[in-house]
Amino acid sequence: MIYKASHILTMTGDTIADSAVLVRDGGICDIGSNLAAAYPDEPVRDLGKCALMPGFVNAHSHIDYTMQRNRHDALNLWDWIDNLGCRTGCFPDYDLALQSAILGATECARSGITCLGDSTFTGAAAEAMSKVGLRGIAYLELFGQSMGNNYEQDFITKLNTARDIQSRISALVRIGLSPHAVYTSNQEVLKLCADSCAISDIPIALHLAETWAEADYTLKGTGPIAQWRARMDRPPMITGLSPTQTIYEAGLLRKGVCLAHCVHVTDDEIDLIAHSEASVAHCPRSNAYLGAGIAPMTRFRSAGATIGLGTDSAGSCMRLDFFEEMRFALGLARAIEQDAAVTTANDVLRMATIGGAETLGLDKCVGTIEVGKRADIVAVDLSDALSEEDPALAIMSRSPSDVKLVLVDGTEIVTKRPSGP
Ligand SMILES: [Zn+2]
């Protein structure tokens, strides 16, 4: 199929006017303005005045929790987690989690997201991503506090579960592991995850330095996170180190590890992360709504960190709307630095596409429109944009209702046909 559009944003630096993309066998085979003549037997889909661009990559989400939306208000993270039911034995049953995850995956797809880095305790997210047709990594969550003294055997059981899920889902979805955070996984579990990443190339995601309370907890065993654990009869796991130093000691600052949030980090820790090959998933709306703070996105970018954008769950960001996430990221970066020049719309679009793909280690496969990559492509309606508008800015001002087409691996998973007269 040849997809024609008024603009093609390749995200390699080129915006091509009045051009087309040839998709065959799920891959991008050619890009140019005369493809219909060059491939006369190939069907042509003319999308009109719109931007064809790489699908968005949501580098951190929890689609299992989509039905947790609008249940709680004005809760700080530790109280929010408590109300979410993240206590031993209080997770939702699999069928309910699956329905919630399918809703979340569908919302993501309708927002132009083609790829997820999703952390899931039940594993339902992996099945939901497969059913909806998304690409990505589903990180199976494990919590040191619920793994007890048998954590080594529990870890092996988790690896077996991961293999079992992998055998039942689409080849577009890979199973990883998520030790959640330094306050729910002990050092031994963090090290087991680091070894799995280093030896078996298992992708890892975890939450890091999301709130100020995390450092109080790891350094001194005090503060609201310690109180939350005490209510569950869980002793503090004091490392005497900051959260970032804690995972560095565990060997988790390595390639293949995605760190969600990184709000409360020092300049030295930003440099340490940036030079480590671990990546950062920036979740500006979730961090703002849960009162966690504003991550130093501009300083991470200046330090050369690999950084993508994430929504986190609908329970904390409200809408799995990537256009809103991009605008929030752009606005907050300028506000915190008190300088509108620090970040352009194109910088944020890059984070939302190829940046996210790099963050998940999938940049050889997706994230740009280039010959040889898989066809994860979205079409964003620009029919009411003026001719002099910058296409990148025009996309930033759109919403999920402007997404006309979503391809993952060449398969249309969202299509909006024009309504009748
Ligand atoms: Zn999260």
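These numbers come from a predicted model, not from an experiment. (Residues numbered from 1 in each chain as written. Predicted model: local features only at pLDDT ≥ 70, side-chain atom pairs only at ≥ 80, totals over all residues.)

A. Main features of the overall build of the chain. Regarding its fold elements, the chain presents 17 helices and 16 strands. Compactness check: the chain gives a C-alpha radius of gyration of 21 Å against a globular reference of 22 Å for 421 residues, within 12% of the reference. Pairs at least 24 apart in sequence give 73% of the contacts found in the chain among residues at least 6 apart. (Helix = DSSP H or I, 4+ residues; strand = E, 2+ residues; numbered from the N terminus. Rg over C-alpha atoms; globule rule 2.2 N^0.38 Å. Contact = placed C-beta atoms within 7 Å.)

B. Region of interest: the domain arrangement of the chain. Looking at the assigned domains, one finds that the chain contains domain 1 (2–54 + 369–415) and domain 2 (56–359). Using C-alpha coordinates to define each centre, domain 1 is positioned 31 Å away from domain 2. Listed by partner, the interface residues are 20 residues for domain 1 and 22 residues for domain 2. By residue class, the composition of the side of domain 1 that touches domain 2 is 15 nonpolar, 2 polar and 3 charged. (Domains from an automatic or database assignment. Nonpolar A, V, L, I, M, F, W, Y, C, P; charged D, E, K, R; others polar.)

C. Spotlight on the environment of Gly13. Take Gly13: it is sitting in the loop between strand 1 (2–9) and strand 2 (15–24). With 337 residues separating them in the primary sequence, Gly13 and Arg350 have C-alpha atoms 9.7 Å apart.

D. Summary view of the pairing of strand 6 (residues 56–61). Summarising burial for strand 6: 6 of the 6 residues are buried, a large majority. Strand direction decides the pairing type here: strand 6 and strand 7 (residues 113–120), joined by 4 bridges, are parallel. If you follow Val57 over to strand 7, its bridge partner there is Cys115. (Buried ≥ 20, exposed ≤ 12 C-beta atoms within 10 Å, placed from the backbone. Pairing = 2+ DSSP bridges.)

E. Helix 6 (residues 151–168), seen in detail. An ideal rise of 1.5 Å per residue puts 26 Å on 18 residues; helix 6 measures up with 26 Å between its terminal C-alpha atoms. Within helix 6 the residues assigned to the buried category are Phe155, Lys158, Ala162 and Ile165. Buried residues along helix 6 cover an arc of 80 degrees about the axis, so they all sit on one side. Facing away from the buried side of helix 6 by more than 90 degrees, the exposed set consists of Glu152, Gln153, Ile156, Asn160, Arg163, Asp164, Ser167 and Arg168. (Expected span 1.5 Å × (residues − 1). Arc of directions from axis to C-beta.)

F. Layout of the packing of helix 8 (residues 213–220) against helix 9 (residues 224–231). Taken N-terminus to C-terminus, the directions of helix 8 and helix 9 make an angle of 70 degrees; their axes are 7 Å apart at the nearest point. As summarised for this structure, helix 8 and helix 9 are arranged roughly perpendicular, according to the angle between their axes. Only Pro224, Ile225 and Ala226 of helix 9 make contact with helix 8, whose side of the interface consists of Ala213, Glu214 and Tyr217. Of the residues in the contact of helix 8 with helix 9, the class split is 5 nonpolar, no polar and 1 charged. (Axes fitted to C-alpha atoms, helices over the stretch in contact; angles between N-to-C directions. Parallel < 35°, antiparallel > 145°, perpendicular 65-115°, else oblique.)

G. Representation of the packing of helix 15 (residues 322–337) against helix 16 (residues 345–359) in the model. Packing of helix 15 against helix 16 brings their axes to within 10 Å, and their N-to-C directions diverge by 130 degrees. In terms of their interaxial angle, helix 15 and helix 16 are classed as oblique. Crossing hand, helix 15 versus helix 16: right-handed. Between helix 15, through Phe322, Met326, Ala329 and Leu330, and helix 16, the contact on the second element is made entirely by Ala345, Val348 and Ala352. Of the residues that constitute the contact of helix 15 with helix 16, the class distribution is 7 nonpolar, no polar and no charged. (Left-handed = near helix turned anticlockwise from the far one by under 90°.)

H. Spatial organisation of the environment of Thr66. With respect to the helices and strands, the residue Thr66 is situated in the loop between strand 6 and helix 2 (77–84). Through-space distance from the C-alpha of Thr66 to that of Arg319 is 8.9 Å; in sequence the pair is 253 residues apart. Once residues lying within four places of it in the same chain are set aside, the contact partners of Thr66 are Ser100, Ala101, Leu103, Gly104, Glu107 and Ala314.

I. View of the environment of Asp312. Secondary-structure assignment places Asp312 in the loop between strand 13 (306–309) and helix 14 (314–317). Asp312 gets classed as buried once you count the C-beta atoms within 10 Å, which come to 27. In the structure, Asp312 is positioned 97 residues away from Asp409 in sequence and 24 Å away in space, judged by C-alpha atoms. The residues contacting Asp312, other than those within four sequence positions of it, are His60, Ser61, His62, Cys283, Ser286 and Cys317.

J. Spotlight on unusual backbone geometry. Positive phi, close to 55 degrees, is recorded for Ala74, a residue that is not glycine. With respect to the helices and strands, Ala74 occurs in the loop between strand 6 and helix 2. In this structure, His261 is a non-glycine residue whose phi angle is positive, near 90 degrees. Mapping His261 onto the fold places it in strand 11 (residues 257–261).

K. Representation of the pairing of strand 5 (residues 50–54). In terms of burial, strand 5 is largely enclosed, as 5 of its 5 residues are buried. As paired strands, strand 1 and strand 5 are joined by 2 bridges and run parallel to one another. If you follow Ile8 over to strand 5, its bridge partner there is Leu52.

L. How the structure looks around the nonpolar core. Val21, Leu52, Met129 and Leu259 are the most contacted members of the largest nonpolar core, which has 137 residues in total. When residues in this core are grouped by element, the largest group, 8 residues, is from helix 15. The residue makeup of this core includes at least three contributed by each of domain 1 (2–54 + 369–415) and domain 2 (56–359). Those residues in contact with Met129 that sit more than four places away from it in its chain are Ala105, Leu116, Asp118, Leu134, Gly136, Ala138 and Val173. (Core = buried A, V, L, I, M, F, W, Y, C linked by C-beta atoms within 7 Å.)

M. Local environment of helix 3 (residues 94–110). Here helix 3 contains 17 residues, and its C-alpha end-to-end distance of 24 Å stays within 8% of the 24 Å for a straight helix at 1.5 Å per residue. Within helix 3, the full set of buried residues consists of Ala97, Leu98, Ser100, Ala101, Gly104, Ala105, Glu107, Cys108 and Ala109. Here the buried face of helix 3 lies against strand 6, strand 7, helix 4 (124–132), helix 14, strand 15 (403–408) and strand 16 (411–415). Gly112 sits one or two residues past helix 3 and shows a positive phi near 90 degrees.

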